[in-house]
Amino acid sequence: MLTSLKGSWCLILGASSGMGRATARAMAKEGANVFGVHFGTAAQQEEVDELVEELRATGVRVSFHNRNAASKQTRAELVPLLAGLAGPEGVRVLLHSLAFGSLLPFLPQEGQEEVITPRQMDMTVDVMGHSLVYWVRDLYVAGLLPRGAKVFALTSRGDGRVMPSYGAVSAAKSALASHVRQLAVELAPSGVSVNALRAGLTLTPALLRIPGSDGLARYATESNPHGRLTVPEDVAEAVVMLSATDSSWITGNVIDVDGGEGLV
């Protein structure tokens, strides 16, 4: 049964750019209130402020916080704040869209002697993988994941393919897929679904940091059956579509949102 998102709350981790930003806009357009967590510099704050005003102009409530979403202290402070805003109805949608990690190679390369350190490896997998578990657990314990709630984690083709300097991120994405399966089973009795969305190649700030990203973008554009790259709005539309139901029967999956890019 399809239901309205109007008046519900969504929590977006990584809300200021890329797919998180597009999803905040799409959810607000549907009448959902937006609680956003982002981690940016003072120079980026003006752009975030403009987004907040844009969202509020749709008539929804908006609460944005420039904090490290992977920090235990951040969760300890923001979950009670979110509980006060959302009230007994809790959070309808959680989007985990954190893209912060090391792009250093595992082994020394010609012209590139610097390699990833244990600390960088742990940080990458923790931020982009393990933090999903900790946020879901804290929301669950706080009673903020009601029946019908949806949890989405964003992954990429890097979860099963090797790309230069992408090893730590690939490990994080693989861990993320495993966490999605485990959380889906543990939350099934509560009627909460958990899925990963695997977008096609998308020109986000995170992609542009990857060495050789222009070549990847050219190849993906030429090979995608739709003749174009995935855009953040494609992913946002999928989030809205999958959230407009109380059913938890679609759960534990990695769902491709790529226009058929992975098929060719």
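Figured I'd write up the structure that's included with this text. Please read these numbers as outputs of a predicted model, since none were measured by experiment. (Residues numbered from 1 in each chain as written. Predicted model: local features only at pLDDT ≥ 70, side-chain atom pairs only at ≥ 80, totals over all residues. Heavy atoms only, no water.)

**A look at helix 4 (residues 118-141)**
- The principal kink in helix 4, of about 50°, is found at histidine 130.
- Here helix 4 has its buried residues at Thr124, Val125, Val127, Met128, Gly129, Ser131, Leu132, Trp135, Val136 and Leu139.
- The inward-facing, buried residues of helix 4 abut strand 1 (9-13), helix 3 (72-86), strand 4 (93-96), strand 5 (150-155) and helix 5 (167-187).
- A positive backbone phi angle near 75° is found at glycine 143, which sits one or two residues after helix 4. (Bend = angle between axes of the 7 residues up to and from the residue. Helix = DSSP H or I, 4+ residues; strand = E, 2+ residues; numbered from the N terminus. Buried < 20%, exposed > 50% of the residue type's maximum accessible area, 1.4 Å probe, protein only. Contact = heavy atoms within 4.5 Å.)

**Some details on the layout of surface pockets**
- By volume, the second largest pocket is sized at about 170 Å³.
- Along the wall of the second largest pocket there are 13 residues; nearest its centre are Ser8, Glu89, Gly90, Arg92 and Pro146.
- The class makeup of the residues in the lining of the second largest pocket is four nonpolar, four polar and five charged. (1 Å grid on protein atoms, 1.4 Å probe; cavity = no way out; pocket = protein on both sides within 12 Å on 5 of 7 lines; lining within 4 Å. Points joined across faces, edges and corners; volume = space filled by probe spheres on them. Nonpolar A, V, L, I, M, F, W, Y, C, P; charged D, E, K, R; others polar.)

**Considering the pattern of salt bridges**
- Counted according to the given criterion, the structure contains 10 salt bridges.
- Here arginine 198 and aspartate 256 are joined by a salt bridge, their closest N and O atoms 2.7 Å apart. Within this pair, whereas arginine 198 is found in strand 6 (residues 193-199), its partner aspartate 256 is found in strand 7 (residues 254-257), the two being separated by 58 residues in sequence.
- Accessibility expressed as a relative area gives 15% for arginine 198, which makes it buried.
- By sharing partners, the salt bridges in this structure join Arg157, Arg198, Asp256 and Asp258 into a single network. (Salt bridge = Lys/Arg side-chain N within 4 Å of Asp/Glu carboxyl O.)

**A look at the nonpolar core**
- In this structure, Leu11, Leu13, Leu132, Val136 and Leu139 are the most contacted members of the largest nonpolar core, which totals 38 residues.
- Elements supplying a minimum of two residues to this core: strand 1, strand 2 (33-38), helix 3, helix 4, strand 5, helix 5 and strand 6.
- Apart from the residues lying within four places of it in its own chain, the contact partners of leucine 132 are His96, Val151, Ala153, Leu176, His179, Val180 and Leu183.
- Residues Leu5, Ala22, Ala32 and Val235 belong to the second largest nonpolar core, which totals 31 residues. (Core = buried A, V, L, I, M, F, W, Y, C linked by side-chain atoms within 4.5 Å.)

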